[in-house]
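If you want the building blocks of each chain, they are given just below.
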Amino acid sequence: MIKTIKQSAVLLLLSLILILSACSGGKGDNESPQQTGETNDPTNTAEPVTTSVPLPYDAPLTGLKLENAATARPIVVMINNYAAARPQSGLTNADVIWEVLAEGGITRLIAVFQSTSALTDTIGPIRSIRPYLIDIGDSFGAVLAHAGASNDGYAILQRQGKPYLDEISNAGSYFWRSKERKAPHNLYSSLEKLRTGAEKKKYSMDKQVPPYTFAEAGSTETGVPASDITISFLLKNYNVGYKYDSAAGLYKRSIGDKPHIDMNNNEQLSGTNLVVLGADHKTLDNEGRLSVDLNKGGSAILFQKGKAIEAEWVRAPDGMIRIVKNGEELPFVPGKTFFHIVPNKPTFEGHVTWVQN
């Protein structure tokens, strides 16, 4: 009788253990794949789904997406484009590059730096400034960096209180000379040094630049095919060529029939938009110094997405030069833009040609 009671107790205890185990759902080392979201199927090789969040800010002069807002005041640097000064350094970091005649038929490059984070990269060689180059930099509300100026240029800078850093007269310590080239084609600086110089001179550094208008598809104007472009200045070895790379959506730049390279990284200069605009030029003296009218407006051609669009340029109320057609501003494709100012004489059209390859 006692043996029977003990057997019954053991059986009752085992039943309770089984019931408790079932109620617990088998947690612990015996979790099922369905409960944990895992699978033991060796054929399941699917990658986890990830979604990229678009960067929240647009650079005002390139339209490119940025992680942080680009609020820095632009620095505009006068770049030597003499043959002995090529290849230059730092141009691939510029948001916008202007090209315009200087005296003697040579051209000068005006590089606008605003959104780049490459503050320590070398920029140059750096050369002198002229009144119409001041005008270009002024349209961006920029601090101007240069080495010397014409008499008229100094008069504008000093009498009008422009924010400028001149290696010769007021900011020599923010520039350096390279031993690898002969003067005057060996003067350089960096955005780090130039911004430090501007702050030391107590120039306001939070002046906002008026943005360009951008659209991923570019202008809706029809245009005509144009993939191989030549822009002619007075001297042949300053003629500029661009070939459109449809796969990259870029116009790759050459000068004097050679690829135009940035010496910092050995990259060929390129842009998503090219602008050629015609302006009245006047020779002022026996040195060949020029005045260039950047207020009158006139004919322009916009190249983007492998096509040429005939348009006009205007000096807008915000001071910026903008490209318009039928009274509406034409948007740029996000990326870098090259502007080229050519004389209206003998004809504007004679300075730019293109073919469709």
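Going by the structure above, here's the rest.
Residues numbered from 1 in each chain as written. Predicted model: local features only at pLDDT ≥ 70, side-chain atom pairs only at ≥ 80, totals over all residues. Heavy atoms only, no water.

Here we come to empty space enclosed by the protein. Overall, the coordinates contain one cavity of 30 Å³ or more when judged by the stated rule. Here the largest cavity is characterised by a volume of approximately 40 Å³. Trp-98, Asp-135, Ile-136, Ser-139, Leu-294, Arg-315, Met-320 and Ile-321 together form the lining of the largest cavity. No other element matches the three residues that helix α3 (residues 131-139) contributes to the lining of the largest cavity. Here the residues of the lining of the largest cavity sort into five nonpolar, one polar and two charged. (1 Å grid on protein atoms, 1.4 Å probe; cavity = no way out; pocket = protein on both sides within 12 Å on 5 of 7 lines; lining within 4 Å. Points joined across faces, edges and corners; volume = space filled by probe spheres on them. Helix = DSSP H or I, 4+ residues; strand = E, 2+ residues; numbered from the N terminus. Nonpolar A, V, L, I, M, F, W, Y, C, P; charged D, E, K, R; others polar.)

Moving on, we come to the layout of surface pockets. Unfilled space is identified by rolling a water-sized probe across the atoms. If you add up the space inside the largest pocket, you get close to 260 Å³. As for the largest pocket, its lining consists of 14 residues, of which Thr-230, Val-240, Gly-241, Ser-254 and Asp-257 are closest to the centre. Elements represented by at least two residues in the lining of the largest pocket include exactly β11 (228-231), β12 (240-245) and β13 (250-255). Ranked by residue count, the leading element in the lining of the largest pocket is β12, at four residues. Considered class by class, the residues forming the lining of the largest pocket number four nonpolar, six polar and four charged. If you go around the second largest pocket, you meet 16 residues; those closest to its centre are His-281, Lys-282, Thr-283, Leu-290 and Pro-343. The element contributing the most residues to the lining of the second largest pocket is strand β19 (residues 281-283), with three residues. Of the residues belonging to the lining of the second largest pocket, the class tally is six nonpolar, six polar and four charged.

Below, the discussion takes up the side chain of Ser-139. Within the fold, Ser-139 resides in helix α3. For Ser-139, a relative accessible area of 8% translates into the label buried. Of the polar contacts made by the side chain of Ser-139, one reaches the backbone oxygen of Ile-136; its length is 2.6 Å. Residue contacts for Ser-139: discarding those within four places in its chain leaves Pro-210, Arg-315, Asp-318, Gly-319 and Met-320. (Buried < 20%, exposed > 50% of the residue type's maximum accessible area, 1.4 Å probe, protein only. Polar contact = N/O pair within 3.5 Å; in protein donor to acceptor, adjacent residues only side chain to side chain. Contact = heavy atoms within 4.5 Å.)

Along the chain, the position of Ser-189 falls in the loop between β9 (187-188) and α5 (191-200). Residue Ser-189 is classed as buried on the basis of its relative accessible area, which comes to 0%. Here the side chain of Ser-189 touches Tyr-174 through a polar contact of 2.6 Å, landing on its backbone oxygen. Not counting chain neighbours up to four residues away, the residues in contact with Ser-189 comprise Asp-121, Thr-122, Ile-123, Ile-126, Tyr-174, Phe-175, Trp-176 and Leu-194.

In this section: the nonpolar core. Ranked by internal contacts, the top residues of the largest apolar core, which has 87 residues, are Trp-98, Phe-140 and Phe-303. Setting aside chain neighbours within four positions, we find Phe-303 in contact with Ala-226, Ile-229, Tyr-251, Thr-272, Asn-273, Leu-274, Val-276, Ala-308, Val-352 and Trp-354. (Core = buried A, V, L, I, M, F, W, Y, C linked by side-chain atoms within 4.5 Å.)

Attention shifts here to α5. When α5 is considered as a whole, its buried residues turn out to be Leu-191, Leu-194, Arg-195, Gly-197 and Ala-198. An end-on view of α5 places all buried positions within 160° of arc, on one side of the element. Away from its buried face, by an angle of more than 90 degrees, α5 presents the exposed residues Glu-199 and Lys-200. Where α5 is buried, its residues touch β3 (75-80), β5 (107-113), β6 (143-146) and β7 (164-166). Looking one or two residues beyond α5, the residue adopting positive phi is Lys-202, at roughly 60°. (Arc of directions from axis to C-beta.)

Turning next to the pattern of salt bridges. According to the stated counting rule, one finds 12 salt bridges in the structure shown. Of the charged contacts in the structure, one is a salt bridge between Arg-253 and Glu-99, with a shortest N-O distance of 2.9 Å. In this pair, Arg-253 sits in strand β13 while Glu-99 sits in strand β4 (residues 96-101), placing the two residues 154 residues apart along the sequence. Each member of the pair, Arg-253 together with Glu-99, is buried. (Salt bridge = Lys/Arg side-chain N within 4 Å of Asp/Glu carboxyl O.)

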